[in-house]
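Chain residues, written in single-letter form:
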Amino acid sequence: MDVRVCGMFSAAVLFRLVLLCVGVYQDQNLQLKYTDVDYHVFTDASRFITQGESPYRRSTFRYTPVLALMLTPNVLLTAHFGKLLFCGCDLLSGWLLLRLLALRGTSRGSALVCCGLWLLNPLPAGVSTRGNAESVLAALVLSTLLCLECRRLAAAALLFGLSVHMKIYPLTYALPIALSLAEAPSRERGLVPNLVRLFNRDLLLFAAVSGSVFMALNGTFYCIYGWDFLHESYLYHVTRRDIRHNFSPYFYMLYLTAEGSGTGSGIWSGIWSGIWSGSWSGIWSGSWSGSLALVLFVPQLLLVLLSSLAFRSDRPFCCFLHTAVFVSFNKVCTSQYFLWYLCLLPLVVPRLTLGRRRGLALLLLWIVGQALWLSPAYSLEFEGRNSFTLVWMAGLLFLLINSFILGQIIGHYRPIEAQRKKTD
């Protein structure tokens, strides 16, 4: 292996080990804890599984049981297993990025620099060592893209089905993947031949395998855990009305309209009970309560559709745009969500014509946007001041900054045709 590659990965490992040690010390000696509360939620859910019970007995565990099963060594071996696993997924993502960049024609030196944007980035390292599982999704998404670039469609479909099962946002990648696998229609052919070209063998294989994996996992866990699994893993996130302050420009509106609107659980239980009882009022009440939360998905869907049609020939770039749009316009947006598109950014950077100064200026602008939000958010969270309006205004400003940066990236990006290399 290249000495520079070994040096890069050694530095990444050392960086994460130092953060893990700092985290242990801080958790034991300081009032402000390093470990994220979600990590304790994961561990509690795993403990219930080792006891033969449902992981959903742990309140606020709103993930697939796969995550709780993965972290059972937290209970059986050591409480730090999950953090080590997440750090390992960070490193795996770095290796996958190197492979993808090589397939996309990036030189070794440029590829190493781009991988450093992930491996030596304090944000992914901090999120993983604090106990968030976002790096698992990063590894799954990058593995899917790598298999697609290598034309290993069955493996890519299997990984894609697992990715969507773990978290629903990769479902937005289905459209650019389908468009890239389908053969372009021809004006010289009729409607039926063009439809046959669209739904070719590759597309049908990918859809069949990924759909089967997704349905098999969901069907299995529904048989074991019933409605709790379906609601907590999926339906809760569709009608979620999170009124806690976050980067989303929608949070303050949801906060002001929260009283009497019901939670995600109340929305779906109202609809469900209305269907069983034949009461249209119950169905209407439940659907009306969740209508605002559902309407907020419209900007995301429109932008995802447009970006798919415009950049379908370059899957990694299209997926990056999808994720950035999804996160920026989501009802809930926290710092760990940024990892969803930061893991794809190294694949985009080599094709940008921004120049170093403009690139650094955009990075600084993105950091300043977060800092402007963190100041009133700290006052609200830790000092108890009524700074809701300032947090909301800072969220709007951060959305404008993200939109401007995305516009710059799109304007200075040189798309490439998808690689068609076969590595059988």
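Position numbers for residues count from 1 along each chain, tracking the sequence in the order it is written. Confidence filtering applies because this is a predicted model: local features only for residues at pLDDT of at least 70, side-chain atom pairs given and counted only at 80 or more, and all residues used for totals across whole chains, interfaces and linings. To obtain the side-chain values, all non-hydrogen atoms of the structure were used and water was disregarded.

**Q** Looking at this structure, I do not really get the overall build of the chain. What am I missing?
**A** Comment: elements are numbered from the N terminus, with helices defined as DSSP H or I runs of at least four residues and strands as E runs of at least two. A count of helices and strands for the chain gives 22 helices and 0 strands. Only protein chains enter the area calculation, which uses a 1.4 Å probe; residues under 20% of their type maximum are buried, those over 50% are exposed, and those in between are partly exposed. By the burial criterion, 51% of the 424 residues in the chain qualify as buried. Here, residues are in contact when the closest pair of their heavy atoms is within 4.5 Å. Across the chain, the fraction of contacts at a sequence separation of at least 24, relative to all contacts at a separation of at least 6, is 72%.

**Q** I would appreciate a short explanation of the confidence of the model for the chain in the present structure.
**A** As a note on interpretation, predicted positions should not be read in detail where pLDDT is low. Per residue, pLDDT captures the predictor's confidence, and it can take any value from 0 to 100. The pLDDT averaged across the chain works out to 84; a share of 83% of its residues lies at or above 70. Helix α9 (residues 153-166) holds the highest mean pLDDT among the elements of the chain, 96, whereas helix α15 (residues 264-277) holds the lowest, 46. Of the regions scoring below 50 in pLDDT, residues 260-289 engages in 29 contacts with residues more than four places distant in sequence or in other chains. Within the model, pLDDT remains below 50 along residues 418-424, and this stretch shows 16 contacts once partners closer than five positions in the same chain are excluded.

**Q** Can you help me understand the environment of V113 in this one?
**A** As for its position among the elements, V113 is in helix α6 (residues 108-119). Taking C-alpha positions, V113 is 9.6 Å from P350, a pair spaced 237 residues apart along the chain.

**Q** Can you walk me through the pattern of salt bridges in this structure?
**A** A side chain with one charge can pair with a side chain of the opposite charge if their charged atoms come near. Salt bridges are counted wherever a side-chain nitrogen of Lys or Arg sits within 4 Å of a carboxyl oxygen of Asp or Glu. Under the definition given, this model contains 13 salt bridges. In this structure, D36 engages R130 in a salt bridge whose closest nitrogen and oxygen atoms are separated by 3.4 Å. Linking D36 in the loop between α1 (3-29) and α2 (37-50) with R130 in helix α7 (residues 122-130), this pair joins segments that are 94 residues apart in sequence. A salt bridge links D202 to R201; its shortest N-O distance comes to 3.8 Å. A relative accessible area of 19% places D202 in the buried class. Here the residues in one salt-bridge network are D2, R4 and R108, joined through shared partners.

**Q** Can you help me understand the packing of helix α21 (residues 356-382) against helix α22 (residues 388-411) in this one?
**A** Relative orientation and spacing of two packed helices are given, respectively, by the angle between their axes and the distance between those axes. Between α21 and α22, the least distance of the axes is 8 Å, while the angle of their chain directions is 165°. In this view, α21 runs roughly antiparallel relative to α22, as classed from their interaxial angle. The crossing of α21 and α22 is left-handed. Residues R358, L362, L365, W366, G369, Q370, L372, W373, P376, A377 and L380 of α21 form the contact with α22, whose own contacting residues are F388, L390, V391, A394, G395, L397, F398, I401, N402, F404, I405 and Q408. Angles here are taken between N-to-C directions and fall from 0 to 180 degrees, while the axes themselves are lines fitted to C-alpha atoms, restricted in helices to the stretch in contact. Working definition: roughly parallel below 35 degrees, roughly antiparallel above 145 degrees, roughly perpendicular at 65 to 115 degrees, and oblique for all remaining angles. Should the near helix be turned anticlockwise from the far one by less than a right angle, the crossing is left-handed, and should it be turned clockwise, the crossing is right-handed.

**Q** What is the right way to look at the side chain of E232 in this model?
**A** Looking at where E232 falls in the secondary structure, it is placed in helix α13 (residues 227-238). Pairs of N or O atoms are called polar contacts if they sit within 3.5 Å, as long as, within protein, a hydrogen donor faces a hydrogen acceptor (for residues adjacent in sequence, only side-chain-to-side-chain pairs). Among the polar contacts made by the side chain of E232, one reaches the side chain of R62 at a distance of 3.0 Å.

**Q** What's the story with the packing of aromatic side chains in this structure? I'm lost.
**A** Given two aromatic rings, one states the distance between the centres and the angle between the planes to describe the pair. To pair, rings of Phe, Tyr and Trp, with the six-membered ring standing in for Trp, must have centres within 6.5 Å; the planes then decide the type, stacked if under 30 degrees apart, edge-to-face if over 60, and tilted in the middle. Scanning the entire structure with this criterion turns up 23 aromatic pairs. On the numbers, 5.0 Å between centres and 90° between planes, the contact of F311 with F317 is edge-to-face. Here F311 falls in the buried class, since its relative accessible area comes to 15%. Here the aromatic rings of F338 and Y341 are separated by 6.2 Å at their centres, their planes lie at 45°, and the arrangement is tilted. Feature note: the residues F42, Y56, F61, Y63, F214, F221, Y225, F229 and Y234 constitute an aromatic cluster, connected by ring pairs. Residue placement shows K83 over the ring face of Y39; its charged tip is 5.4 Å from the ring centre. Charge-over-ring placement is defined geometrically: NZ (Lys) or CZ (Arg) within 6 Å of the ring centre, and within 35 degrees of the ring normal.

**Q** Honestly, helix α12 (residues 201-225) in this entry has me stumped. Any pointers?
**A** Three or four residues apart is the spacing at which side chains of an α-helix point the same way, because the helix has 3.6 residues per turn. In a helix, the anticipated span is given by 1.5 Å times the number of residues less one. With 25 residues, α12 should cover 36 Å at 1.5 Å per step; its first-to-last C-alpha distance of 36 Å lies within 8% of that length. Looking only at α12, the buried set comprises D202, L203, F206, S210, V213, N218, F221 and Y225. Remark: G226 follows α12 within two positions and exhibits a positive phi of approximately 70°.

**Q** Quick question: what am I supposed to make of unusual backbone geometry here?
**A** Leaving glycine aside, a negative phi is the common case for residues, and trans is the common case for peptide bonds. The phi angle at T60 is positive, at roughly 70°, despite the residue not being glycine. Under the relative-accessibility criterion, T60 is labelled partly exposed at 41%. Located in the positive-phi region is R151, a residue other than glycine, with phi close to 65°. For R151, a relative accessible area of 19% translates into the label buried.

**Q** What exactly am I supposed to notice about the environment of N330 here?
**A** Mapped onto the fold, N330 is located in the loop between α18 (315-328) and α19 (339-342). Residues N330 and Q300, spaced 30 residues apart in sequence, show a C-alpha to C-alpha distance of 7.5 Å. A polar contact is formed between the side chain of N330 and the side chain of Q300, at a distance of 3.3 Å. One polar contact links the side chain of N330 to the main-chain carbonyl oxygen of V332, over a distance of 2.9 Å.

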